[in-house]
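# Summary of structural features
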Amino acid sequence: MTRTRQLALLWLLAVCLLLGHNVYLWAVKRIAPDTDIMALLPVQERDPVLQASFSHMVDAAQQRLIVLVGADDWQSATRAADAYSAVLAVRKDIFAATPIGEQTQSDWLALFQQHRLTLLTAQQEAQLRDQPSQFWLDAALARLYAPFGGPKLGAWQDDPFGLFAGWVQERAQETPVRPRDGHLFVADGARQYVLLPLTLKVPALSMTAQDTVLPLLRQAGDAARKATPKVELIEAGVILHAASASGKASAEASTIGIGSLLGIIVLMWFVFHSFKPISLILLSIGIGFLGALSVCWMLFGHVHLMTLVFGASLIGVAQDYGIYFLCNRLSADEKTDSPALLKRLLPGLSLTLLAAVIGYMGLGLTPFPGLRQMAVFSALGLVFAWLTVVFWFPLLIGGRSLNSGGLVRAYGAALQRWPLLRFNRATLVAAVVFVLAAGYGIGRLGANDDIRLLQNPPKHLIDDQIKLSRLLDAPTPVQYFLVRGDSAEMVLQREEQIKARLDSLIAAKRLSGYQAVSNWVPSARTQAARRALVEQKLLAADGPLQGVAAQAGEDAQWIAATRDGLLAAATPLTLDAFLASPASEPWRHLWLGESQDAGGRVVASIVALRGLSGAAAPQVLMAAEGLDGVQWVDKVAEISSVLGRYRAYMSWVVAGAYLVVFALLFRRYRSRTWRVLAPTALASLATLALLGYGGQQLQLFHVLALMLLLGVGVDYGIFMQEHPDRRDHTPWLAVGMSAANTILSFGLLGLSATPALQAFGLTMLLGTALVWLIVPCFASHPPERTHD
């Protein structure tokens, strides 16, 4: 058995293992691609507490599904809401509804009533310090003789001065939602809404769960519309955005993959007039895809859906190696042995693989996990496709296997008429014109690093989210204060410090409010101070309580019993007791607890902000100035800043990659090395200029595409320099077929509805077409051929 056959059999064994692993993954393990768009974002490795705080906020929102059922009147809204809920109620395996009722409110208040004497609002605390005894005496008598004058919780003796009622009332102001007739009620000027808070029992990012949940929501919506024809439904939740993104990505993956395959099949048919080379090219691409998926899964433990979308464009590059071999086989003498032909082509083929892998690995230098996975997936796919060509094609394609037609001859003849670069006046004029035009176009390029370019949700989802946030006055999960300290007590005290500063911004209407655990559990220091204040100002022997008894005709025994009853509710409320109670459920995500950072053990929490506008953000973040352990977190600005920083960084990496590839190629091409790289470099500059003329804003994904263009474009330069004689049409045919297929695959990415992929695809489309047009101009003359 020859060495060629031995290698082919070994590769067959490897391919069988890959095939078996893929069958196991899809049929047995039933894997599903990850659709979490947040998985594409960088991890803040240097600050685990900061990263944990963001995960905490996102995770808390991930399983929630909020539905507002609105109508012109309350009865219509409740009728529609009941119909909506009835559809979902039968699927208790998927949805968990929040119970609403008298018992719920009673359970919620039970814990706080035990500690009511230490729970005061900031305004009450100030009044206790500033107001005379008569103020409190009047307040207590007003509550005693005017039973409908204000909110009451329990007997009058339990809260004679209305402190606890005031505190509960302030807590209730943290949300405009109110219980009403066994429902949750909220309204604006035009409509009344029933709020249906739902918790998903299935993972929101699972495509299987999305396929189950979305039809149920549609069915529930139909039921609500049947009950109240003019009902307004506002739905918001991560699962809705995830389902939209995964549906869009699946459709794009199919479009790009099928479009690329059809393009390859049609082109191959026109060139070779045979299905055999078509099937071989598809075989190499298929093995590349299966191999990349299999190894990626073993490396990462999951594969993101965006990786598969990007991997669909792999077709446009992976076929280069097979096409290069087939084009050379077509033009070679029929008597030439295919293994011998491969041996002659192997140096060029190896360099094309290396250059492409360098291009993809440029993506892997970013801190974005999604991009790193895409880079590894694509590079592995190329390696597996390349190995398939090297091990199998020489055995399967003989000297008489291929034929060409008139289209190939006509295309090849065009090379003779292509302009060739010379050191003359015409070239100088062309260079000056190019520099001026490219310089002006690049000068028009702006930059936009907004993270929202990563995703483009449907308008109706955005509109629903905005309206729901306005109605519920919900805090944003991406802008907040992170508070740290050595102990829980220190964190609560620091929360109280930042809240005191935020109160002035609320008064100035820069914020509508904030949410913090210390709203519910004041620090032990604050609780002790408040108890002392109440005892001194209200319960002293000559204080307002004494005056109330005198006015009400009560004796000393009544005073003692009332005072003892109040003091019995003065034990400090602990954080552990609060977190263990049902009342803490909506706020638990604000407490991060203990973790480790660079300085060792740390306790952390979040102060979330309501009603924060973009214009007010600069003033709000200033509130943390000078406060130890309080940090402003703006995840949108942070990641946008990372995108901008890496856009600049990757620009230098692209320049460095040109130097690396130049050094790599120099040993083989010597003085002609610049001819290999110049077409791609000029095409990259021209592409940037065209983007500038088109009014595009430069972003990281344009730069990443230029990195990949280097890997693709160098292939064409190598093909042309391996066969510099213009009478040999083989490299020109290989470049044309490769470029056409690359344009088809990456050009289809330009049709993506995801702005980032669209920018990537458009850059590749322009760049590849330009390299194709420019590369023949840099062909050298046969006498200059000096390589080994």
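Just so we're clear, the structure is a prediction, and the values are computed from it rather than from any experiment.

What follows is about the overall build of the protein. On a plain count of helices and strands, the protein comes out with 28 helices and 13 strands. The C-alpha radius of gyration of the protein comes to 35 Å, more than 25% above the 28 Å expected for a compact globule of 788 residues. Considered along the principal axes of its C-alpha atoms, the protein spans approximately 120 × 55 × 50 Å. Split into buried and exposed, the 788 residues of the protein put 52% on the buried side. Residue pairs at least 24 apart in sequence account for 82% of intrachain contacts in the protein once pairs closer than 6 positions are excluded. Roughly 34,200 Å² of accessible area belongs to the protein as shown, and the carbon and sulfur atoms make up 61% of that amount. Between the mean site of the 64 positive side-chain charges and the mean site of the 58 negative ones, the protein shows a separation of 13 Å.

Turning next to the packing of helix 5 (residues 122-130) against helix 19 (residues 524-537). Relative to each other, helix 5 and helix 19 sit at 40°, their axes nearing to 10 Å. As far as their axial angle goes, helix 19 and helix 5 are oblique. Read as a crossing pair, helix 5 and helix 19 show a hand that is left-handed. From helix 5, Glu125, Leu128 and Arg129 reach across to helix 19, where they touch Arg530, Leu533, Val534 and Lys537. A per-class count over the contact of helix 5 with helix 19 returns 3 nonpolar, no polar and 4 charged.

Going through the model one piece at a time under the given rule, you end up with 23 aromatic pairs. Ring plane angle 85° and centroid distance 5.0 Å describe the contact between Phe135 and Trp136, whose orientation is recorded as edge-to-face. Arranged with centres 6.3 Å apart and planes meeting at 15°, the rings of Trp520 and Phe578 form a pair that is stacked. With Trp520 in the loop between strand 9 (513-515) and helix 19 and Phe578 in helix 22 (residues 575-580), this pair connects stretches of sequence that are 58 residues apart. The residues Trp520 and Phe578 share a single accessibility class, namely buried. Put simply, the rings of Phe112, Phe164, Trp167, Trp520, Phe578 and Trp587 touch in pairs and so form one group of aromatic residues. Just above the ring of Trp520 sits the side chain of Arg171; from NZ or CZ to the centre is 5.7 Å. Between Arg180 and the ring centre of Phe185, over which it is positioned, the NZ or CZ distance is 4.7 Å.

Next up on the list: the nonpolar core. In terms of nonpolar packing, the biggest core is built from 123 residues, with Met268, Phe325, Leu326, Leu700 and Val714 touching the most fellow members. The greatest single-element share of this core, amounting to 16 residues, is contributed by helix 26 (residues 700-722). The residues touching Phe325, leaving out its near neighbours within four places in the chain, are Ser338, Leu341, Leu342, Leu345, Val389, Phe393, Pro394 and Ile397. Ranked by size, the runner-up nonpolar core spans 51 residues in total, among them Val58, Leu482, Ala516 and Leu627.

Now for the environment of Ser76. Within the element layout of this structure, Ser76 appears in helix 3 (residues 74-89). For Ser76, a relative accessible area of 11% gives the class buried. Between the alpha carbons of Ser76 and Ser640 there is a distance of 44 Å; along the sequence they are 564 residues apart. Contact partners of Ser76, with chain neighbours within four places excluded, come to Ala71 and Thr228.

What follows is about unusual backbone geometry. What is expected of a backbone is that most residues other than glycine have negative phi and most peptide bonds are trans. For Asp181, which is not glycine, the phi dihedral falls at a positive 55°. Examined against the element boundaries, Asp181 turns out to sit in the loop between strand 3 (178-180) and strand 4 (183-187).

There is a patch of nonpolar side chains on the surface, built from Val266, Trp269, Phe270, Phe275 and Leu407 and spanning about 520 Å² of accessible area. With 3 residues, the single largest contributor to the nonpolar patch is helix 9 (residues 238-272). Inspection of the secondary structure puts Phe270 in helix 9.

Across the protein, the average pLDDT comes to 85, with 93% of residues at or above 70. The lowest-confidence element of the protein is helix 11 (residues 305-312), averaging 72 in pLDDT; the highest-confidence one is helix 25 (residues 673-693), averaging 95. When the criterion is pLDDT under 50, residues 783-788 qualifies, and its contacts beyond four places in sequence or with other chains add up to 10 contacts.

The next thing to look at is helix 21 (residues 556-568). Given a rise of 1.5 Å per residue, 13 residues ought to cover 18 Å, and the 18 Å separating the end C-alpha atoms of helix 21 matches this to within 8%. Those residues of helix 21 not exposed but buried are Trp558, Ile559, Thr562, Leu566 and Leu567. All buried residues of helix 21 project into a common sector of 160° when viewed along the axis, lining one side. In helix 21, the exposed residues that point more than 90 degrees away from the buried face are Ala556, Gln557, Ala561 and Ala568. Among the structural elements, helix 19 and helix 20 (544-552) are those in contact with the buried residues of helix 21. Two to three positions downstream of the cap, the backbone nitrogen of Gln557 sits 3.2 Å from a side-chain oxygen, assigning the N-cap of helix 21 to Asp555.

Reading the values: rules and limits
Residues numbered from 1 in each chain as written. Predicted model: local features only at pLDDT ≥ 70, side-chain atom pairs only at ≥ 80, totals over all residues. Heavy atoms only, no water. Helix = DSSP H or I, 4+ residues; strand = E, 2+ residues; numbered from the N terminus. Rg over C-alpha atoms; globule rule 2.2 N^0.38 Å. Buried < 20%, exposed > 50% of the residue type's maximum accessible area, 1.4 Å probe, protein only. Contact = heavy atoms within 4.5 Å. Areas by Shrake-Rupley, 256 points an atom, 1.4 Å probe, with all protein chains shown as cover. Lys, Arg positive; Asp, Glu negative; His and termini not counted. Charge placed at Lys NZ, Arg CZ, Asp CG, Glu CD. Axes fitted to C-alpha atoms, helices over the stretch in contact; angles between N-to-C directions. Parallel < 35°, antiparallel > 145°, perpendicular 65-115°, else oblique. Left-handed = near helix turned anticlockwise from the far one by under 90°. Nonpolar A, V, L, I, M, F, W, Y, C, P; charged D, E, K, R; others polar. Phe/Tyr/Trp six-rings, centres within 6.5 Å; stacked < 30°, edge-to-face > 60°. Lys NZ or Arg CZ within 6 Å of the ring centre and 35° of its normal. Core = buried A, V, L, I, M, F, W, Y, C linked by side-chain atoms within 4.5 Å. Patch = residues over 30% accessible without salt bridge, like charges linked within 9 Å, V, L, I, M, F, W, Y side chains within 5 Å. Salt bridge = Lys/Arg side-chain N within 4 Å of Asp/Glu carboxyl O. pLDDT = per-residue confidence, 0-100. Expected span 1.5 Å × (residues − 1). Arc of directions from axis to C-beta. Polar contact = N/O pair within 3.5 Å; in protein donor to acceptor, adjacent residues only side chain to side chain.

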